[in-house]
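# Coordinates in review
Here's the letter readout for the chains.
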Amino acid sequence: MDKLNHIDWSENNMTSNVNKKFIRALKGEAVVPPPLWLMRQAGRHLEEYRALRAKNKNFLKFCYSPDLATEATLQPILRYGLDAAILFSDILVIPDALGQQVEFVSREGPKLDPVSKAEDLKIFDRSGLHDHLAPVYETITRIKKKLPKETSLIGFAGAPWTVATYMVEGGSSKDYQKTRTWAYQSPQSFSMLIDLLVDTTSDYLIRQIDAGVEAIQIFDSWAGVLPPGQFEQWALAPVKEIIRRICQSHPDIPVIGFPRGAGFQYVKYAKEAGVDAVSLDSTVPVEWAAENIQPICAVQGNLDNLALLAGGEIMEQEVCRILQAFSGGPFVFNLGHGILPETPVPHVERLVELVRARSTQDHG
Ligand code: 1CP
């Protein structure tokens, strides 16, 4: 890992955030070459992660172990020297902290004891939220002590809509039928669940910032299944309210919104949610986004995670296309969705090399 020699590993704590490449790009600067991080950069594509994870079979316990979560967060930084680290945790710690039964079953994914009506929400108890999530805040403190000083730390949460789908469906879903039917048939009672998630998610993110994260990403992985009116009500409005609350106490912390699959609605979201940046999934045409979104806010994305998995010439072409389209404005290089576990490490190394090798002239 010779390439790490140039990195300054002195304590990250006292460094001003605003000079970091990643933060500058989120605040609207066209940084060349663009800062780079990858969704799910920590995780199963790394053998060191698989080895660490083998030490704790229970995924939630793993997330709540400051030692293990700190190490998992730092692993991709050590290996690739990326511009931002993302806190190792999961979006489902919120239902877990509220008292819903949550379990991660190996090879099947998350399983929750589902809720389906207003009455069911009575089991949720916000009083112990921060005690339950204290290990996450402790993890942030530890990461900050170990992170290279030019690397930013991203905190995150799931958007209320996406977290609600897991709480109502009882796990991953193909059609979100239960959640969407509840939202159509009884919007008042469904909004009680969304409001609860707005309250807890805002508090949780504010605590993450207090503990030291320098930017926030809000993952709305399943926003794309909502038609326009529903998107506005259940994806856009709750995220807007969370960002309003974050801004009240921390006006300078940049927020990235990721309404995955939002299509044309990305524009409305970029204009109205209060985000500093939007993360674009791989279906968004880059020229369209450069013209219609980049003038509103910074953009992040949008390499197809399967192009990264495939590697070779096609990956190189795709990386070039994205860099060319976005090089004139504020941009953070990333994938359109998380790294797949089967992705070979040399493909990621090549990607980092390609993005870093770019200069303004290359795009001229
Ligand atoms: O076996 C394992 O080790 C678990 C695999 C895994 C990992 C590495 C899960 C289970 N979660 C995570 C970590 C994680 N999750 C991170 C931090 C690591 C990083 O990004 O480097 C983050 C930001 C998340 C966010 C997350 N969890 C999202 C939103 C982003 C996205 O990918 O859309 C979602 C939807 C989840 C839920 C989740 N967590 C894990 C699984 C299997 C699932 C279900 C995914 C699905 O329904 O398709």
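Rules behind the numbers
- Residues numbered from 1 in each chain as written.
- Predicted model: local features only at pLDDT ≥ 70, side-chain atom pairs only at ≥ 80, totals over all residues.
- Heavy atoms only, no water.
- pLDDT = per-residue confidence, 0-100.
- Contact = heavy atoms within 4.5 Å.
- Helix = DSSP H or I, 4+ residues; strand = E, 2+ residues; numbered from the N terminus.
- Expected span 1.5 Å × (residues − 1).
- Buried < 20%, exposed > 50% of the residue type's maximum accessible area, 1.4 Å probe, protein only.
- Arc of directions from axis to C-beta.
- Near = heavy atom within 4 Å.
- Polar contact = N/O pair within 3.5 Å; in protein donor to acceptor, adjacent residues only side chain to side chain.
- Areas by Shrake-Rupley, 256 points an atom, 1.4 Å probe, with all protein chains shown as cover.
- Axes fitted to C-alpha atoms, helices over the stretch in contact; angles between N-to-C directions.
- Parallel < 35°, antiparallel > 145°, perpendicular 65-115°, else oblique.
- Left-handed = near helix turned anticlockwise from the far one by under 90°.
- Nonpolar A, V, L, I, M, F, W, Y, C, P; charged D, E, K, R; others polar.
- Phe/Tyr/Trp six-rings, centres within 6.5 Å; stacked < 30°, edge-to-face > 60°.
- Pairing = 2+ DSSP bridges.

This next bit is on the confidence of the model for the chain. Averaged over all residues, the pLDDT of the chain equals 94, while 94% of them reach at least 70. Counted against residues more than four places away or in other chains, residues 1-10, with its pLDDT under 50, gives 20 contacts.

Under the 1.5 Å per step criterion, the end-to-end length of helix 14 (residues 312-326) is 22 Å for 15 residues, consistent within 8% with the ideal 21 Å. Residues Met315, Val319, Ile322, Leu323, Ala325 and Phe326 constitute the buried set of helix 14. Taken down its axis, helix 14 places every buried residue within 170 degrees of arc, on the same side.

The next thing to look at is the site of the ligand. Not every one of the 23 residues close to the ligand is listed here, only the nearest: Tyr49, Tyr166, Ser172, Ser221 and His337. For the ligand, an oxygen atom lies 3.1 Å from a polar atom in the backbone of Arg40. One nitrogen or oxygen atom from the side chain of Tyr49 is found 2.5 Å from an oxygen atom belonging to the ligand. In the complex, the protein chains occlude 86% of the 890 Å² of accessible area that the ligand would expose alone.

Where helix 7 (residues 160-169) contacts helix 9 (residues 187-211), the two axes come as close as 10 Å, and the packing angle between them is 120 degrees. It follows from the interaxial angle that helix 7 and helix 9 lie oblique. Crossing handedness for the pair helix 7 and helix 9: right-handed. Counting all contacts with helix 7, which are made through Pro160, Trp161, Val163, Ala164, Met167 and Val168, the residues of helix 9 involved are Phe190, Leu193, Ile194, Leu197 and Val198. Of the residues assigned to the contact of helix 7 with helix 9, the class counts are 11 nonpolar, no polar and no charged.

Here the focus is the packing of aromatic side chains. Scanning all chains against the criterion turns up 16 aromatic pairs. Aromatic pair Phe264 and Trp288: ring centres 5.6 Å apart, planes at 90 degrees, arrangement edge-to-face. Separated by 24 residues along the polypeptide, Phe264 in the loop between strand 6 (255-259) and helix 11 (265-272) and Trp288 in helix 12 (residues 286-292) bring together distant segments of the chain. Three or more aromatic residues joined by ring pairs make a cluster, and in this case those are Tyr49, Phe59, Phe62, Phe88 and Phe104.

Taking strand neighbours across the sheet as the criterion, the 7 strands line up as 1-4-5-6-7-8-9 in an open arrangement whose pairing is parallel. In this open sheet, the two edge strands, each paired with only one partner strand, are strand 1 (84-86) and strand 9 (331-335). Averaged over all pairs of adjacent strands, the angle between their axes in this sheet comes to 25 degrees, without regard to strand direction. When strand 6 meets strand 7 (residues 277-280), the two strands line up parallel, connected through 2 bridges. Residue Ile256 lies in a different strand from strand 7, and its bridge partner there is Ala277. Contacting strand 4 (152-158) and strand 5 (215-220), helix 9 runs over the sheet at an angle of about 170 degrees to strand 4.

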